[in-house]
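For reference, the chains in residue letters:
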Amino acid sequence: MAWNGFVPVTRSFLPWLLAEVVLGRLSHLLLDMAFGEGSRHLEVLIPMGVCPPARTPLLRDNFTGPLHPWYLEKYLERFLETAEQHFMVGQRVVYYVFTERPAAVPRVRLGPGRRLRVERVARERRWQDVSMARMRALHAALAGRLGREARFVLCMDVDQHFSGAFGPEALAESVAQLHAWHYRWPRRLLPFERDARSAAALGPGEGDFYYHAAVFGGSVAALRRLTAHCARGLRRDRARGLEARWHDESHLNKFFWLHKPAKLLSPEFCWSPNIGRRAEIRRPRLLWAPKEYALLRG
């Protein structure tokens, strides 16, 4: 199926239960229709560049060792430089970087109408705690300046880089990202939290797709609801001595099962080169960076 002016993203493995993602000229049409002239900042991007130096066993990772405190320097500069080339080009953007080391944030030349803000957060003991703490930090930020100056927010992990146009076609009231490694898997094999004691648990037959916490977003109000749900579930699990299988991502998947996202991004919008070539992945937009665990955690 081809439409004049843009191409719908489809795949044959699972039905798209949610909104389709479209490419090309439609993005500018959507922007004009939704916002017009004189709108507040369209987008706020939040790479979570926090990294504790604690020595601890890393769960489900087959590695035990220190996590060095220069994770931010390893990835953030390329993330921002490629964002300036591909992310919301021509739009007003505010980048928010959350880190316990503000002085380590590199200086990157930004285009007109684009700004960078750095928010200090507390140092966490384990990388799992870093991952889980971001829901709490984001929820608090959305109640402050971030929430006042933004209309839409996308939250992204910093250990990625842009490789293609990532524009307003990715915006919606709530946005979820299909996980590149799991979008072909049958539902019974998806790595949802199955421990019924956890607030993130999904029962047999529950769950539509497996969503990746490396990219999610939506309106300020929608993200306030999402982060409140996840932070509350994480607190409840911690009080019971529990930790969901994939931490905040497990709670995010529970939220999107209960509250369906308005837009589902195809794996092209957050792709792992290690998967290799697939016919349906035509134009990757955001690529996972090599993790280099031996260097960063060794």
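Residue positions are given per chain, counting from 1 as you read along its sequence in written order. For a predicted model such as this one, the threshold for reporting local features is a pLDDT of at least 70, and the threshold for listing and counting side-chain atom pairs is 80 or more; totals across whole chains, interfaces and linings nevertheless cover every residue. To get the side-chain values, take all heavy atoms of the structure and skip hydrogens and water.

1. Let's talk about the packing of helix α5 (residues 220–239) against helix α6 (residues 248–258)
Lines fitted to C-alpha atoms define the axes here, with helix axes fitted over just the stretch in contact, and angles between the N-to-C directions of these axes take values from 0 to 180 degrees. Secondary structure counts use DSSP, requiring at least four H or I residues in a row for a helix and at least two E residues in a row for a strand, with both numbered from the N terminus. It is the contact of α5 with α6, at a shortest axis distance of 9 Å, that shows an interaxial angle of 125 degrees. Taken as axis vectors, α5 and α6 run oblique relative to one another. The handedness of the crossing between α5 and α6 is right-handed. Between α5, through R225, L226, H229, C230, G233, L234 and D237, and α6, the contact on the second element is made entirely by D248, H251, L252, K254, F255, F256 and L258. The scheme is simple: roughly parallel for angles under 35 degrees, roughly antiparallel for over 145, roughly perpendicular for 65 to 115, oblique for anything else. Crossings are classed by handedness, with left-handed meaning an anticlockwise turn of the near helix from the far one by less than a right angle and right-handed meaning a clockwise turn. By definition in these notes, contact holds between two residues if any of their heavy atoms fall within 4.5 Å.

2. Quick word on the packing of aromatic side chains
What counts as a ring pair is set by centres within 6.5 Å for rings of Phe, Tyr and Trp (its six-membered ring), and what kind of pair is set by the plane angle: stacked under 30 degrees, edge-to-face over 60, tilted for all other angles. Under the definition given, this model contains 11 aromatic pairs. On the numbers, 5.4 Å between centres and 70 degrees between planes, the contact of Y211 with F256 is edge-to-face. In this pair, Y211 sits in strand β9 (residues 211–219) while F256 sits in helix α6, placing the two residues 45 residues apart along the sequence. Per residue, the accessibility class of Y211 equals that of F256, and both read buried. The buried label goes to any residue with under 20% of its type's maximum accessible area, the exposed label to any with over 50%, and the partly exposed label to all in between, with areas taken from a 1.4 Å probe on protein chains only.

3. Here's the deal with the pattern of salt bridges
Should a side-chain nitrogen of Lys or Arg be within 4 Å of a carboxyl oxygen of Asp or Glu, the pair is scored as a salt bridge. One pass over the full model with this rule turns up 11 salt bridges. Its salt-bridge partner being E149, residue R117 comes within 2.9 Å of it at the nearest N-O pair. You can see R117 sitting in strand β5 (residues 114–120) and its partner E149 sitting in helix α4 (residues 145–149), a full 32 residues away along the chain. Judged by relative accessible area, E149 falls into the buried class, the value being 12%. Among the ionic contacts, a cluster of salt bridges with common partners joins R115, R117 and E149.

4. Here we look at the pairing of β9
Counting buried residues along β9, 9 of its 9 residues qualify, which places the element largely inside the surrounding structure. Sheet topology note: the strand β6 (residues 150–157)/β9 ladder contains 5 bridges and is antiparallel. Directly across from V153, in β9, lies its bridge partner G218. As paired elements, strand β8 (residues 174–178) and β9 share 4 bridges and run antiparallel to each other. The residue bridging A176 from the neighbouring strand is F216, located in β9. Strand pairing is assigned whenever DSSP detects at least two bridges linking the two strands.

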